[in-house]
Amino acid sequence: MDENRSFPPTKEFSEKAHIKSMEAYKSMYQQSIQDPEKFWSEVANDLHWFKKWDTVLEDSKKPFFSWYKGAKTNLCYNCVDRHLEGPNKNKAAVIWEGEPGEEKVLTYQDLHREICKFANGLKSLGVKKGDRVALYLPMVPELIISVLACARIGAVHSVIFAGFSAESIKDRVQDSGAKVIVTEDASYRRGKVLALKEIVDLGIQDCKTIEKQIVVKRHPHKEMPCTMQEGRDIWYHDLVLDQAIDCPAEEMDAEDMLFLLYTSGTTGKPKGIIHTTAGYMVYTYLTSKYIFDLKPEDVYWCTADIGWITGHSYIIYGPLQNAATLMVYEGAPNFPDNSRFWNLIEKYKVSVFYTAPTAIRAFMKWGDSWVDKHDLSSLRLLGTVGEPINPEAWMWYHTKIGAEKCPIVDTWWQTETGGILLSPLPGVTPTKPGCATLPFFGIEPAVLSEEGDEVRAGILSIKQPWPGMLRGIYGDPERFKETYWCKWNGEYYFPGDGARKDEDDYIWILGRVDDVVNVSGHRIGTAELESINIEHSSVAESAVIGVPHEIKGQGLVSFVTVKEGKIADDELKKALNSLVAQKIGKFALPEKIIFSSDLPKTRSGKIMRRILRDIAEGKALGNLSTLADPSVVEEIQKQF
Ligand code: WT7
């Protein structure tokens, strides 16, 4: 709260940046707010359109906004084909390194060929425009190729993070009605081999819509024999073998669905966030250009997984539209040792590096010696995303990794926003450790009270629609309205974060104000865990909360009461943990499970999660007289 340090960009950086001064930012920002249609129309002209739009923003069906209505375009075309005429044709698009150390480079021309072949392969299986294709793949080039191949033919991709369990695959495939799923025989993680196809086989057992499973072969058959189901399963390499190397890019309507990405909310059921073509395209293009200041000579590395929105927008779509060279690394940061990331930066001369606070905190904990052994002088810009970054981690990043010369862009956004809404511009904004600072073009944030008054500390809201915003929740338009557009009479978008505006009008994100917890940048709804706990036959009631965690940012604590005659012991803890691993994935395991005879409740029976949070954080509890039975508090406190 009293962080006063400020770090302006160096003169050298600003002079070469796309946007060079605060005056330039302010004047563009004013234009973008006063006449958004003019602004968004001008910037869209950088991209390729089969047909231009009739209107830039159509808001008559608020909150169901349309952008670039009447236009026809294709996002894969803008990521790849657009660069084939001219100097970028033979430029590296993707430099990939596998965890075991293999290297692969795809130029823009190579990428085009591989995408076309796979797109033709998908078509040969009967995949058409509008069909959903699920992708359950680790960070291999085939994932990037599959995503872009879907976009090319107008199929809707639904990437499922490859750490999710079989049951999560099932939920997502059933909700989206996917026709095809793409996976790999087995992935590498921290030197271990994980049989992915087996997980998918289990997950799609009861998914009637799945017609084909495409399997990328990573391991020799001897090491990873796979059972291929006759008529359903097909090898990726067999599918692409004889396909033509050209596949026309489908002319998509501006509001045609581009992808679905499932994310957690405040209920037990993840929601399929819908992003559409043209607005998302323009927004990821422009934010990448200005926030990462991308230049042809950059080697850009975003360490996120493509299974999350960061990987969609800022590994694939935004940077490729800017003809960037991506470095993509498959594996863990601590394999074979803690210096793998620094080794990669040095080896490939990475210049723009975008990672998460949880990773930065882990690096700090491992100690500086891993960093000191490496030459990181190629770096010129650093970024962070996913959760609030604590000032110590920010300072370490700034001094140790950025050698005090690289600007840090702390980018705030969400799966739903499609792209970054708040961030410094690297050549412009004096940064403050832990602060996401100022809005991007076209974004009008306000910090409001519950009643809708502007306040210094309160709830973050966004006043105007922007092109990259979600268009809905798959199959549930009502939930879309209720979740994001019901607070403050539907006048503002409600992201679910708390925020504070300081004396420079910089915005500081204070964390979620709803029951969503951010564990190592993975978003988990506490309601999802509660409903899993309650599924166990011994459990009577459960409440799950987020607590501060040194490395992960937040961790989960599960509070459980058992039914009459049932035993609360370590066996039950184990059983509950294995349920979570089975239903979501290991990344959602709680730090702690606490048993008690009851949970703190109001007299009307509402569980007081605030008190549980205060107990877990060791805070003073204040007045407990509203509780039906204050004695449970002591019983729980003893266990911390
Ligand atoms: C939530 C969205 C955006 C891609 C990764 C996460 C938190 C995100 C920041 C930041 C403070 C942040 C918010 C947000 N968050 N970036 N720079 N500073 N908090 O996407 O899974 O949709 O989660 O992550 O709480 O609402 P997501």
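Anything mentioned here points back to the structure above.
As the structure is a computational prediction, the values presented were derived from the model and not from experiment.

Colleague: What am I meant to see in the site of the ligand here?
Modeller: Around the ligand sit 17 residues in total, of which Thr411, Thr415, Asp497, Arg512 and Arg523 are the nearest. Here a nitrogen atom of the ligand and a backbone polar atom of Thr411 are 2.7 Å apart. Measuring from an oxygen atom of the ligand, one finds a side-chain N or O atom of Asp497 at 2.5 Å. Considering the ligand on its own, with 550 Å² of exposed area, one finds that the protein chains cover 96% of that surface.

Colleague: Teacher, can you tell me more about helix H10 (residues 277-291) here?
Modeller: If you check H10, its first and last C-alpha atoms are 21 Å apart, about what 15 residues at 1.5 Å a residue would give, namely 21 Å. Looking at the residues trailing H10, positive phi occurs at Asp293, about 50°.

Colleague: Looking at this model, I keep getting lost on empty space enclosed by the protein. Mind explaining?
Modeller: Where empty space is left becomes clear once a probe the size of a water molecule has been rolled over the atoms. Counted under the stated rule, the structure contains two cavities of 30 Å³ or more. What the largest cavity holds in volume is close to 90 Å³. Looking at the largest cavity, the residues that line it are Phe164, Arg172, Tyr262, Thr263, Ser264, Trp308, Arg523, Ile524, Glu528, Ile584 and Phe587. Those elements that provide at least two residues to the lining of the largest cavity are strand S14 (257-263) and strand S27 (522-525). Considered class by class, the residues forming the lining of the largest cavity number six nonpolar, two polar and three charged. When we break the lining of the largest cavity down by domain, the ones giving at least three residues each are domain 1 (35-294 + 307-331) and domain 2 (520-637). If you add up the space inside the second largest cavity, you get close to 40 Å³. Contributing to the lining of the second largest cavity are Asn74, Leu75, Cys150, Ala151, Gly154, Ala155, Met252, Met257, Leu258 and Thr277.

Colleague: In this structure, what is going on with the pattern of salt bridges? I would like to understand it.
Modeller: When the charged atoms of two side chains lie near each other, side chains of opposite charge can form a pair. What the rule picks out here adds up to 49 salt bridges. Salt-bridge contacts for Lys463 lead to Glu444; the nearest nitrogen and oxygen are separated by 3.8 Å. With Lys463 in the loop between strand S22 (457-462) and strand S23 (472-473) and Glu444 in the loop between strand S20 (408-411) and strand S21 (445-448), this pair connects stretches of sequence that are 19 residues apart. Since its relative accessible area comes to 31%, Lys463 is described here as partly exposed. It is possible to trace a salt-bridge network through shared partners that takes in Glu97, Glu103, Arg340 and Lys347.

Colleague: Is there a simple way to explain the sheet that holds strand S25 (residues 507-512) in this structure?
Modeller: Strand pairing within a sheet occurs via backbone hydrogen bonds; the two strands may be parallel or antiparallel. Spatial ordering of the open sheet is given by S21-S22-S24-S25, a layout of four strands whose pairing is antiparallel. This sheet does not close on itself; its edge strands, each paired only once, are S21 and S25. Each neighbouring strand pair of the sheet contributes to a mean axis angle of 45°, computed without reference to strand direction. As defined by bridge partners, S22 adjoins strand S24 (residues 497-501) across three bridges and the pair is classed as antiparallel. Paired with Ile459 across the two strands is Gly498, which belongs to S24.

Colleague: Explain the environment of Leu379 here, please?
Modeller: Considering the arrangement of structural elements, one finds Leu379 in the loop between helix H14 (369-372) and strand S19 (381-385). Separated by 26 residues in sequence, Leu379 and Phe353 have C-alpha atoms that sit 7.3 Å apart. Filtering out sequence-adjacent residues up to four positions away, Leu379 remains in contact with Ile345, Val350, Ser351, Phe353, Ile401, Lys405 and Cys406.

Colleague: Please clarify how the pairing of strand S18 (residues 352-355) should be interpreted in this entry.
Modeller: Across a regular strand the side chains alternate sides, sitting on one face of the sheet and then on the other. Here S18 shows no split at all, with Val352 and Tyr354 on one side and Phe353 and Thr355 on the other all buried. As paired strands, strand S16 (residues 299-302) and S18 are joined by three bridges and run parallel to one another. Counterpart to Cys302 in the pairing with S18 is Tyr354. Where S18 meets S19, four bridges bridge the pair, whose relative direction is parallel. Within S19, the position partnered with Phe353 by the bridge is Leu382.

Colleague: What is the right way to read the state of the cysteines from this model?
Modeller: Two cysteines, two sulfur atoms, one covalent bond between them: this is a disulfide. Inspection of every chain in the model, using the stated rule, returns zero disulfides. Among the cysteines around Cys150, which has no disulfide bond, Cys76 carries the closest sulfur, lying 10 Å off. Residue Cys150 is classed as buried on the basis of its relative accessible area, which comes to 0%. Looking at Cys435, it has no disulfide partner, and the nearest cysteine sulfur is the one in Cys406, 19 Å off.

Colleague: Explain helix H2 (residues 22-34) to me, please; I cannot follow it from the model alone.
Modeller: Every α-helix carries 3.6 residues per turn, so stepping three or four residues along brings you back to the same face. When the terminal C-alpha atoms of H2 are compared, their 18 Å separation across 13 residues agrees well with the 18 Å that a helix rising 1.5 Å per residue should span. All of the buried residues in H2 are Tyr25, Tyr29, Ser32 and Ile33. Here the buried residues of H2 occupy an arc of 90° about the axis, which is enough to place them on one side. Exposed residues lying more than 90 degrees from the buried face of H2 are Glu23 and Gln34.

Conventions and cut-offs
- Residues numbered from 1 in each chain as written.
- Predicted model: local features only at pLDDT ≥ 70, side-chain atom pairs only at ≥ 80, totals over all residues.
- Heavy atoms only, no water.
- Near = heavy atom within 4 Å.
- Polar contact = N/O pair within 3.5 Å; in protein donor to acceptor, adjacent residues only side chain to side chain.
- Areas by Shrake-Rupley, 256 points an atom, 1.4 Å probe, with all protein chains shown as cover.
- Helix = DSSP H or I, 4+ residues; strand = E, 2+ residues; numbered from the N terminus.
- Expected span 1.5 Å × (residues − 1).
- 1 Å grid on protein atoms, 1.4 Å probe; cavity = no way out; pocket = protein on both sides within 12 Å on 5 of 7 lines; lining within 4 Å.
- Points joined across faces, edges and corners; volume = space filled by probe spheres on them.
- Nonpolar A, V, L, I, M, F, W, Y, C, P; charged D, E, K, R; others polar.
- Domains from an automatic or database assignment.
- Salt bridge = Lys/Arg side-chain N within 4 Å of Asp/Glu carboxyl O.
- Buried < 20%, exposed > 50% of the residue type's maximum accessible area, 1.4 Å probe, protein only.
- Pairing = 2+ DSSP bridges.
- Axes fitted to C-alpha atoms, helices over the stretch in contact; angles between N-to-C directions.
- Contact = heavy atoms within 4.5 Å.
- Disulfide = S-S within 2.5 Å.
- Arc of directions from axis to C-beta.

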